[in-house]
Amino acid sequence: MSSDIPGYENPDPERASTAAPTENELATETPLSPRAHDPYAAWRHPNYRLYALGGFLAALGGQLQLTTIGYEITKRAGHDAKTASLQVGLASLVQGLPVIMLVLPAGQLADIVDRRRIALWGIALSVPLSWLLATLSLQQAPTSQLFWCLFAISFCHAMMRPAQSALLPQLVPNQDLANAVTWNSTRWQIASVAGPALFGPILYVLEKPGLIYALEAVFLAFFWLCLFFTKPRPQERSKETFSWEGIHAGVRFVFGTRLMLATLTLDLFAVLLGGAMVLLPVYTEHILFVDATKLGWLRAAPAVGALVMALGLAYFPPMRRPGRALLWAVTGFGVATVIFGFSKTYWLSFAALALTGAFDNISVVVRHTLVQLLTPDSMRGRVSAVNSVFISASNELGGFESGMVARFFSPVISVVAGGIGTVLVVWASALKWPELLHLGRLDELQPEEVKDKI
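Note that the structure is a prediction, hence the values are computed from the model and not measured.

Caption draft 1: Quick look at unusual backbone geometry. Of note, Q140 is a non-glycine position whose phi angle comes to about 55 degrees, a positive value. Within the secondary structure, Q140 is located in the loop between α5 (115-138) and α6 (143-167). Of the residues examined, Q140 reaches a relative accessible area of 58% and is grouped as exposed. With phi around 55 degrees, F289 is a residue other than glycine that occupies positive phi space. Mapped onto the elements of the fold, F289 is located in the loop between α11 (280-286) and α12 (292-315).

Caption draft 2: Seen up close, the nonpolar core. If you look at the biggest cluster of nonpolar residues, it comprises 46 residues, and the most contacted ones within it are I69, L133, F199, L279, L298 and F340. Ranked by residues supplied to this core, first place goes to α6 with six residues. Not counting residues within four places of it along the chain, the set of residues in contact with L298 comprises M277, L280, T284, L288, Y346, S349, F350 and L353. With 29 residues, the next largest nonpolar core counts L261, L266, A329 and V330 among its residues.

Caption draft 3: Inspection of the confidence of the model for the protein chain at higher detail. Across the protein chain, pLDDT averages 78, with 82% of residues at or above 70. Within the model, the stretch residues 449-454 combines pLDDT values under 50 with 12 contacts to residues more than four positions away or in other chains.

Caption draft 4: Local environment of the packing of α5 against helix α8 (residues 209-228). The interhelical angle for the contact between α5 and α8, taken along N-to-C directions, is 165 degrees, at an axis separation of 8 Å. Classified by the interaxial angle, the pair formed by α5 and α8 is roughly antiparallel. As for how α5 packs across α8, the hand of that crossing is left-handed. In terms of residue class, the contact of α5 with α8 is made up of 21 nonpolar, four polar and two charged.

Caption draft 5: Focus on the pattern of salt bridges. Tallying each qualifying case throughout the model produces two salt bridges. A salt bridge links E72 to R76; the nearest nitrogen and oxygen atoms lie 3.1 Å apart. Linking E72 with R76, this pair stays in helix α3 (residues 46-77), spanning four residues, or about one helical turn. Judged by its relative accessible area of 5%, E72 falls in the buried class. Look at R76 and you get partly exposed, because its relative accessible area is 28%. Two residues, K75 and E285, come together in a salt bridge whose shortest N-O distance is 3.5 Å. Taken as a pair, K75 in helix α3 and E285 in helix α11 lie far apart in primary sequence, 210 residues in all.

So, how was this worked out
Residues numbered from 1 in each chain as written. Predicted model: local features only at pLDDT ≥ 70, side-chain atom pairs only at ≥ 80, totals over all residues. Heavy atoms only, no water. Helix = DSSP H or I, 4+ residues; strand = E, 2+ residues; numbered from the N terminus. Buried < 20%, exposed > 50% of the residue type's maximum accessible area, 1.4 Å probe, protein only. Core = buried A, V, L, I, M, F, W, Y, C linked by side-chain atoms within 4.5 Å. Contact = heavy atoms within 4.5 Å. pLDDT = per-residue confidence, 0-100. Axes fitted to C-alpha atoms, helices over the stretch in contact; angles between N-to-C directions. Parallel < 35°, antiparallel > 145°, perpendicular 65-115°, else oblique. Left-handed = near helix turned anticlockwise from the far one by under 90°. Nonpolar A, V, L, I, M, F, W, Y, C, P; charged D, E, K, R; others polar. Salt bridge = Lys/Arg side-chain N within 4 Å of Asp/Glu carboxyl O.

Here it is as structure tokens:
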């Protein structure tokens, strides 16, 4: 689970005739004629390669850690499915609260202070906290202590997430930004497949969940090194001082940009209602009756579907009607969630979850690209922060909501009702924001003007 580059300048024709343009010049020049579609455009930039490699390993470790937390908490709850549902819901809540509380100030900070430096500090603090989580797990500390450690880790992630997200457009030229977003989604989905898929075998070898948390600390340290050696273009820093008014400017910009608000709201309520992933450990333990390896593959299933979809989106030209594609994709997400909720067989559950990932990937690419291209550089960190609030509210609070509904009713009712709610949200969004139906190619969008819109 946000930025843009300022306008282009025409290159000096005399210099262009005597020397090849540098990467920085390519980032600011406007082609005189449309370029041929290059599916590997982002990877031709060394800065992006470093960022993507380190980010991939960090995401891989994060997925391993996330799968392990759900597994360990469910095992600690024993045979009580409702208690396990509540515990995994609480784990989702403690990871989402820091983002909701801190990410808006962090967004303004990312517009004032060097973004790479913020990301480096956040990763540097996350490494020892991951080691602490490993130690607590190995010592069989109470679950409440694991929750506090998860809260601290999420605190660091909340502070660095807007800066890390807003850094991407400084690593590639504007004309390659949509391609970079697509490949970012692809590498994330690969990590989301590999992490859970490797969970079972790694747990079998290491035997203790705590050692998996230690592995995440190693991957984070490697990401720090990769980010340290990147050389992003200078950012267009906001001239405002750190203030609540500056923080609110990002909120005003998002709520005043209808297309952006429409896509963020649609994703927020779709995932808030339709999120089934947090209950996966409960499903595997009490409904599907499968082992840790199959739990890992079920957790990887959405990423398998998303990876296939992401590769297709990377190779094909940009969508001509991305708004309509977004609405159909979220509808498919809701229907697939209902199928998973009713399923009592492993392979049908796997297929349904894979479909949720494929449909969600379309939503991710459209939403992230639109947010990046509509946002001026000076607002990038704050808008990225607001985007993070929407994402965390949908993922982590959605996980808590699913856990609470499952606690008082049942896991099946929680998932099925959420899927139906997702479909209803699509209809409501199409009526509220009809401009989604008429949205043209994303690569033709221009940054919105910064002004008080609400």
